[in-house]
Amino acid sequence: MRILLVEDEDRIASFVAKGLIAEGHTVERATGVSEGAAMGVSRDYDLVLLDLLLPDGHGRDVLAGVRAAKPELPVIVLSALGEIDDKVDLLDMGADDYLTKPFSMRELSARVRASVRHGAAASHVVTIRDLTLDTHTRVAKRGGRSADLPSREFALLEYLMRHAGQVVTRQQLLDAVWGFDFDTGSNVVDVYVGYVRRKLDEPGRPSAIETVRGAGYRVPS
Ligand code: CA
């Protein structure tokens, strides 16, 4: 991974960089808000590690700049104990995680790994067995055969695939796909699952979407 480290203290920066480089990552360092924001916006990174108290301002300004330009780039805040009140603010602003100084390399590696998993989960191509969804091109495929899914059907399948292996209730699907207080007695979910199945399923093969009786639906993982 390419990691941007925004940290003004040399001692902490070298400890973090050394550890991450030993794990095979590439680390570039910025020492202040303006440098950090400029690098974060203009260069390609997989993760940003962000200190809060910087010589030319507050880390939240780096976060705001990076978030505006790259909504999906994970940002982990490295905050000292005195800065702990900012924690909720920062998570609200879109930081993905935070670590309280002093932290061990083991803790940091665990958070970095978690951010990678999170990033992978949010990838624009989702593949589960013979199903593939590309959320950029909006193409759904089963076994190489493309299906044309209108946006609700696409969103329904995407939600089930991102939760593959789990039973997803009708209410979860209503909340995720319709996004408002739909009448829970409505069979709209079942109707849409039917539409998706008609486009993806082939006679004699198990359905792409399993019905879990009395519970909901599942895309097997
Ligand atoms: Ca600092």
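Residues numbered from 1 in each chain as written. Predicted model: local features only at pLDDT ≥ 70, side-chain atom pairs only at ≥ 80, totals over all residues. Heavy atoms only, no water.

Next up on the list: the overall build of the protein. The helix and strand inventory of the protein stands at eight helices and 13 strands. In summary, the protein has a C-alpha radius of gyration of 22 Å against a globular reference of 17 Å for 221 residues, an excess of more than 25%. Each principal axis of the C-alpha atoms in the protein carries an extent, and together these give about 65 × 35 × 30 Å. Burial statistics for the protein: of 221 residues in total, 42% are counted as buried. Total accessible area on the protein stands at roughly 11500 Å², and carbon and sulfur atoms take up 52% of it. Averaged over its 28 positive side-chain charges, the protein has a centre that lies 9 Å from the centre of its 33 negative ones. (Helix = DSSP H or I, 4+ residues; strand = E, 2+ residues; numbered from the N terminus. Rg over C-alpha atoms; globule rule 2.2 N^0.38 Å. Buried < 20%, exposed > 50% of the residue type's maximum accessible area, 1.4 Å probe, protein only. Areas by Shrake-Rupley, 256 points an atom, 1.4 Å probe, with all protein chains shown as cover. Lys, Arg positive; Asp, Glu negative; His and termini not counted. Charge placed at Lys NZ, Arg CZ, Asp CG, Glu CD.)

Now for the packing of helix 7 (residues 170–178) against helix 8 (residues 188–200). Contact pair helix 7 / helix 8: the axes reach a minimum separation of 10 Å and the direction vectors enclose 75 degrees. One element, helix 7, and the other, helix 8, form an angle in the roughly perpendicular class. Across the interface between the two elements, Arg170, Leu173, Leu174 and Trp178 from helix 7 touch Val188, Val189, Asp190 and Tyr192 from helix 8. A class-by-class count of the residues in the contact of helix 7 with helix 8 yields six nonpolar, no polar and two charged. (Axes fitted to C-alpha atoms, helices over the stretch in contact; angles between N-to-C directions. Parallel < 35°, antiparallel > 145°, perpendicular 65-115°, else oblique. Contact = heavy atoms within 4.5 Å. Nonpolar A, V, L, I, M, F, W, Y, C, P; charged D, E, K, R; others polar.)

Tallied over the full model, the rule gives two aromatic pairs. Considering the side-chain rings of phenylalanine 15 and phenylalanine 103, the 6.3 Å spacing of their centres and the 45 degrees angle between planes classify their relative orientation as tilted. Of the two residues, phenylalanine 15 sits in helix 1 (residues 10–22) while phenylalanine 103 sits in the loop between strand 7 (97–101) and helix 5 (105–121), which places them 88 residues apart along the sequence. (Phe/Tyr/Trp six-rings, centres within 6.5 Å; stacked < 30°, edge-to-face > 60°.)

So, on to the domain arrangement of the protein. Entries for the protein in the domain assignment read domain 1 (2–122) and domain 2 (125–218). Taking the mean C-alpha position of each, domain 1 and domain 2 sit 35 Å from one another. (Domains from an automatic or database assignment.)

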